[in-house]
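Residue-level listing of the chains:
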Amino acid sequence: MTHTHVMLHHSLTKDGETVSWGAIERYHRETMGWRDIGYHAGVEVTGFATLGRYANQALYGRSVNSPAAACKEGNMNSLALHVCIVGNFDLVPPSSGILEVLKRRILLPWMDQFGITADRIVGHRDYATYKSCPGTKFDIDVVRRMVT
């Protein structure tokens, strides 16, 4: 697969015991009927610990060699690598700590591996205008500046 973009998402939920990376994966498999979680990677936001994974950790989902199931518009399931940050960034902006983990553990490695430039980091809302993803209080330009 030739990846040309990285697409950012948020879970639109508060992180916690019932809503976590594992809960998102169960929802995608059991409710949506997908074979796997829809994203290639995720980032936990708060201090909640689950299955040995702690806050501000990068979590991995689908293989980067498989298309996502997160944005059908613009053929972005095939063209983009998708990362979901657990949290509701319509209510609050992401912390600098979580953005640093996103940058260091996910974005910079993908950008290096696939030759993706900062201007190709996009939000789900850029292709699916009915979505707010990665949140109305999530400034994608801040992320783009962090990785350049």
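Provided above is the structure to which this section pertains.
Definitions and cut-offs
Residues numbered from 1 in each chain as written. Predicted model: local features only at pLDDT ≥ 70, side-chain atom pairs only at ≥ 80, totals over all residues. Heavy atoms only, no water. Helix = DSSP H or I, 4+ residues; strand = E, 2+ residues; numbered from the N terminus. Buried < 20%, exposed > 50% of the residue type's maximum accessible area, 1.4 Å probe, protein only. Contact = heavy atoms within 4.5 Å. Areas by Shrake-Rupley, 256 points an atom, 1.4 Å probe, with all protein chains shown as cover. Pairing = 2+ DSSP bridges. Phe/Tyr/Trp six-rings, centres within 6.5 Å; stacked < 30°, edge-to-face > 60°. Disulfide = S-S within 2.5 Å.

Trainee: So what exactly am I meant to see when it comes to the overall build of the protein here?
Mentor: Regarding its fold elements, the protein presents four helices and five strands. When the helices and strands of the protein are listed from N to C terminus, the series reads β-α-β-β-α-β-α-β-α. When burial is assessed residue by residue, the protein has 49% of its 148 residues classed as buried. For the protein, the proportion of contacts with a sequence separation of at least 24, taken over those separated by at least 6, is 70%. Approximately 7,200 Å² of the protein is accessible, and the part contributed by carbon and sulfur atoms is 51%.

Trainee: Looking at this model, I keep getting lost on the pairing of strand S4 (residues 80-85). Mind explaining?
Mentor: The side chains of a regular strand alternate, first on one face of the sheet and then on the other. Counted residue by residue, S4 has six buried out of six residues, so it is predominantly covered. Going residue by residue along S4, you find Ala80, His82 and Cys84 tucked away on one face and Leu81, Val83 and Ile85 tucked away on the opposite face as well. Of the pairings in the sheet, the one linking strand S1 (residues 5-10) to S4 comprises six bridges and is parallel in character. Looking at S4, one finds that histidine 9 is bridged to cysteine 84.

Trainee: What is the right way to read the packing of aromatic side chains from this model?
Mentor: In this structure the tally under the stated criterion is one aromatic pair. Arranged with centres 5.9 Å apart and planes meeting at 65 degrees, the rings of phenylalanine 89 and phenylalanine 138 form a pair that is edge-to-face. A residue pair is termed long-range when its members are at least 10 positions apart, and phenylalanine 89 in the loop between S4 and helix H3 (96-114) and phenylalanine 138 in the loop between strand S5 (121-123) and helix H4 (140-146) qualify at 49 residues. By relative accessible area, which is 2% here, phenylalanine 138 ends up buried.

Trainee: Help me understand the pairing of S1 in this model?
Mentor: Most of S1 is tucked away: six of the six residues are buried. Side-chain alternation along S1 places His5, Met7 and His9 on one buried face and Val6, Leu8 and His10 on a second face that is also buried. Direction of pairing for S1 relative to S5: parallel, over a ladder of three bridges. Across the sheet, residue methionine 7 finds its bridge partner in S5, namely valine 122.

Trainee: What am I meant to see in the side chain of serine 66 here?
Mentor: Residue position: serine 66 is located in the loop between strand S3 (58-60) and helix H2 (76-79). In this structure serine 66 comes out as buried when scored by relative accessible area, which is 18%.

Trainee: So what exactly am I meant to see when it comes to unusual backbone geometry here?
Mentor: Excluding glycine, residues mostly have negative phi values, and the peptide bonds linking residues are mostly trans. In this structure, the amide linkage connecting cysteine 133 to the following residue, proline 134, adopts the cis form with an omega of 5 degrees. Mapped onto the elements of the fold, proline 134 is located in the loop between S5 and H4. Residues other than glycine seldom take positive phi values, yet asparagine 75 does so here, at roughly 60 degrees. The residue asparagine 75 is located in the loop between S3 and H2 in this model.

Trainee: In this structure, what is going on with the state of the cysteines? I would like to understand it.
Mentor: In a disulfide, the sulfur atoms of two cysteines are covalently bonded to one another. According to the stated counting rule, one finds zero disulfides in the structure shown. The closest cysteine sulfur to the non-disulfide-bonded cysteine 71 is located on cysteine 133, 9.2 Å from its own sulfur. Not part of a disulfide, cysteine 133 finds its nearest cysteine sulfur in cysteine 84, a span of 6.6 Å.

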